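Observations on the model geometry
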Amino acid sequence: MQQEAKDIQSGKLTEREADARSRTVYAPKFRAVVDELRQAVFHPDDLRAEFVGTVKRMAEVLLEMNEMESVFVEGDPKPRPVDPQRMEKLSAELAQLTERFQAQAEMLKKKR
């Protein structure tokens, strides 16, 4: 994804192409991750269970963000989410999940 941002800046990839790739390339990858994480089973006392739950939710949010259709406004090459309010909520949730992920990772490191 970072490489795509560079490719857009250099002109190797258009905003529309990158937008389409979010649904054709990245969404299927996130779907596979979500499906894989849903199969993970942990003992109730396993500290990794909560951590993996956070990772799974992050993947679900990223999946929904990548699956969301976009609209283009004439004169603006940047895609806009078809549901900007939902995208805003997803972005806020992802930020919270990222903070939780980092805190949980630190806790797990200390428990080792």
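Please read these numbers as outputs of a predicted model, since none were measured by experiment.

Thresholds applied
Residues numbered from 1 in each chain as written. Predicted model: local features only at pLDDT ≥ 70, side-chain atom pairs only at ≥ 80, totals over all residues. Heavy atoms only, no water. Helix = DSSP H or I, 4+ residues; strand = E, 2+ residues; numbered from the N terminus. Rg over C-alpha atoms; globule rule 2.2 N^0.38 Å. Contact = heavy atoms within 4.5 Å. Areas by Shrake-Rupley, 256 points an atom, 1.4 Å probe, with all protein chains shown as cover. Phe/Tyr/Trp six-rings, centres within 6.5 Å; stacked < 30°, edge-to-face > 60°. Lys NZ or Arg CZ within 6 Å of the ring centre and 35° of its normal. Axes fitted to C-alpha atoms, helices over the stretch in contact; angles between N-to-C directions. Parallel < 35°, antiparallel > 145°, perpendicular 65-115°, else oblique. Left-handed = near helix turned anticlockwise from the far one by under 90°. Nonpolar A, V, L, I, M, F, W, Y, C, P; charged D, E, K, R; others polar. Salt bridge = Lys/Arg side-chain N within 4 Å of Asp/Glu carboxyl O. Buried < 20%, exposed > 50% of the residue type's maximum accessible area, 1.4 Å probe, protein only.

1. Details of the overall build of the protein chain
Within the protein chain one finds four helices and two strands. Shown N-terminal to C-terminal, the secondary structure of the protein chain runs as helices and strands in the order α-α-α-β-β-α. In summary, the protein chain has a C-alpha radius of gyration of 17 Å against a globular reference of 13 Å for 112 residues, an excess of more than 25%. Principal-axis analysis of the C-alpha atoms places the extent of the protein chain at approximately 55 × 25 × 25 Å. In the protein chain, once contacts between residues fewer than 6 apart in sequence are set aside, the share between residues at least 24 apart is 56%. Surface exposure of the protein chain reaches about 8000 Å², of which carbon and sulfur atoms provide 52%.

2. So, the packing of aromatic side chains
Within this structure, the stated rule accounts for one aromatic pair. The ring of Phe 72 carries Arg 16 above its face, with NZ or CZ at 3.8 Å from the centroid.

3. A look at the packing of helix α3 (residues 48-67) against helix α4 (residues 84-111)
Close contact between α3 and α4 brings their axes to 9 Å; oriented N to C, the two are set at 155°. Compared by their axis directions, α3 and α4 come out roughly antiparallel. At the point where α3 passes α4, the crossing takes the left-handed sense. Here the residues of the contact of α3 with α4 are counted per class, giving 13 nonpolar, four polar and seven charged.

4. Things to note about the pattern of salt bridges
By the definition in use, this model includes 13 salt bridges. Here Glu 15 and Lys 78 are joined by a salt bridge, their closest N and O atoms 3.1 Å apart. With a gap of 63 residues between them, Glu 15 in helix α2 (residues 15-38) and Lys 78 in the loop between β1 (70-71) and β2 (80-81) connect regions that are remote in the sequence. In this structure, Glu 60 and Lys 56 form a salt bridge, with 3.3 Å as the shortest nitrogen-oxygen distance. Of this pair, Glu 60 and Lys 56 both sit in helix α3, four residues apart, which is roughly one turn of that helix. For Glu 60, a relative accessible area of 16% translates into the label buried. When its relative accessible area of 25% is taken as the criterion, Lys 56 is described as partly exposed. What you see here is one network of salt bridges that share partners, running through Arg 38, Lys 56, Arg 57, Glu 60 and Glu 93.

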